[in-house]
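If you want the building blocks of each chain, they are given just below.
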Amino acid sequence: KEHIALVGQFNSDNASEIEAFRIKYLGKKGILNDFFAEFKSVPNEQKKEFGQVVNQLKVAAQDKVNQLKEALENSASAAHIYGDLTRPAATAPIGARHPISIVKNQIIDIFSRIGFNVSEGPEIEDDWHNFTALNLPEYHPARDMQDTFFIQTDPDILLRTHTSSVQVRYMEENKPPIRTISPGRVYRNEAISARSHCFFHQLEGLYIDKGVSFADLKQTLQYFTTEMFGKSRIRLRPSYFPFTEPSAEVDVYWGLETETDHKMTKGTGWLEIMGCGMVDPNVLQNCGIDPKEYSGFAFGMGIDRIALLLHQIPDIRMLSENDIRFLDQFKSAL
Ligand code: PHE
């Protein structure tokens, strides 16, 4: 009975002390085996009580050993989880901005310096904002210029083919003067290759006020290309867009002349970088702006193409594959 009290009091968080305790009571030459050996010589009338007490002692000793061992293991695994709390943390890997974002932010920065704000709109559009308001009525052949993804159940709903749709929304909701650029993803049902994808990114600009002329457009484009590509020559070629009249294609001379100002050194000649023109009076009218009072210009460029040029990326598909080895290379960029 004394031993039962002693066993109850025993406590330790040391593995070898616990083991010594176990051997002392439960080992081959332990106290319990001594008691069991004595059992034969105990007088018959005391055997029952003696047996009960020895059994109690055995259970108490076993319970104690199990309980202390378990506590020891728990604290060992806690130390394993928390480790050395004073150790410095491992550094988290730093991400890189996507080249599309880098170039988009550069363009936004350049235009915001001359008073343009940024506007956005939905990628899933209706026919009015993507086509009809832009002087492209139903059955107009110019709709074929942009192969369109339509929603099967509703011919009025489509994936926008350009962010001119955002300009329509902006004109519907804002009074001139308007100076806004609209960056965003657009979709066209085109074969995927190194040069073109079924989705890409555009940034379109719109300026509407009293007395805006083609000279303002040209000067704005010259400002933009100089800021974006360094000292550069641009060339406007007559073109056609249903929503602008006159319309032009803008080429930038991507050659040796710009070598000293820019990292790109290959003399590749004239490169087409955007479309532009004076907003067609019909479009102003469709958007609730009086064409007798106001005029304006618009332009639109592909962000992906400019990113490919500036960063010498050989394949447009790399921009949407999310290959870390590719993305990591933009860590040092803006
Ligand atoms: N929306 C035209 C396109 O997607 C680009 C453009 C914008 C042309 C504005 C002229 C004026 O190709």
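Residues numbered from 1 in each chain as written. Predicted model: local features only at pLDDT ≥ 70, side-chain atom pairs only at ≥ 80, totals over all residues. Heavy atoms only, no water.

(A) Spatial organisation of the sheet that holds strand β1 (residues 117–118). Strand order across the open sheet formed by seven strands is β1-β5-β6-β10-β9-β8-β7, with mixed pairing between neighbours. Of all strands in the sheet, those with a lone pairing partner are β1 and β7 (234–241), marking the two edges. When β7 meets strand β8 (residues 244–254), the two strands line up antiparallel, connected through seven bridges. Bridging across to β8, Ser239 finds its partner in Ser247. In the packing of helix α7 (residues 164–173) onto the sheet, the strands contacted are β1, β5 (178–187), β6 (199–209) and β10 (295–302), and the crossing angle to β6 comes to about 35°. Running at roughly 55° to β10, helix α10 (residues 303–311) makes contact with β6, β8, β9 (269–279) and β10 of the sheet. (Pairing = 2+ DSSP bridges. Helix = DSSP H or I, 4+ residues; strand = E, 2+ residues; numbered from the N terminus. Contact = heavy atoms within 4.5 Å. Axes fitted to C-alpha atoms, helices over the stretch in contact; angles between N-to-C directions.)

(B) Inspection of the sheet that holds strand β4 (residues 154–159) at higher detail. Pairing within the open sheet is antiparallel, and its three strands lie in the order β2-β4-β3. Here the strands that pair on one side only, and so sit at the sheet edges, are β2 (124–126) and β3 (150–151). As paired strands, β2 and β4 are joined by three bridges and run antiparallel to one another. Opposite Ile124, over in β4, you have Leu159 as the bridge partner.

(C) Fine view of the site of the ligand. As a matter of local geometry, the ligand sits amid 14 residues, with His162, Ser164, Arg188, Gln202 and Glu204 nearest to it. Separating an oxygen atom of the ligand from a side-chain N or O atom of Gln202 is a distance of 2.8 Å. For the ligand, whose accessible area on its own is 320 Å², the fraction buried by protein is 93%. Listed by contribution, the elements that provide at least two residues to the shell around the ligand are β6, β9 and β10. The biggest single contributor to the shell around the ligand is β10, with three residues. In the shell around the ligand, the residues fall into five nonpolar, seven polar and two charged. (Near = heavy atom within 4 Å. Polar contact = N/O pair within 3.5 Å; in protein donor to acceptor, adjacent residues only side chain to side chain. Areas by Shrake-Rupley, 256 points an atom, 1.4 Å probe, with all protein chains shown as cover. Nonpolar A, V, L, I, M, F, W, Y, C, P; charged D, E, K, R; others polar.)

(D) Just the pattern of salt bridges, in detail. With the rule as written, the count across this model stands at 12 salt bridges. Here Glu293 makes a salt bridge to Lys210, at a shortest N to O gap of 3.5 Å. Remark: Lys210 occurs in the loop between β6 and α8 (214–229) and Glu293 occurs in the loop between α9 (281–286) and β10; sequence separation between them is 83 residues. Exposure remark for Lys210: the relative accessible area of 53% places this residue in the exposed category. Where Asp251 meets Arg235, a salt bridge forms, and the shortest distance between an N and an O atom there is 3.0 Å. With Asp251 in strand β8 and Arg235 in strand β7, this pair connects stretches of sequence that are 16 residues apart. (Salt bridge = Lys/Arg side-chain N within 4 Å of Asp/Glu carboxyl O. Buried < 20%, exposed > 50% of the residue type's maximum accessible area, 1.4 Å probe, protein only.)

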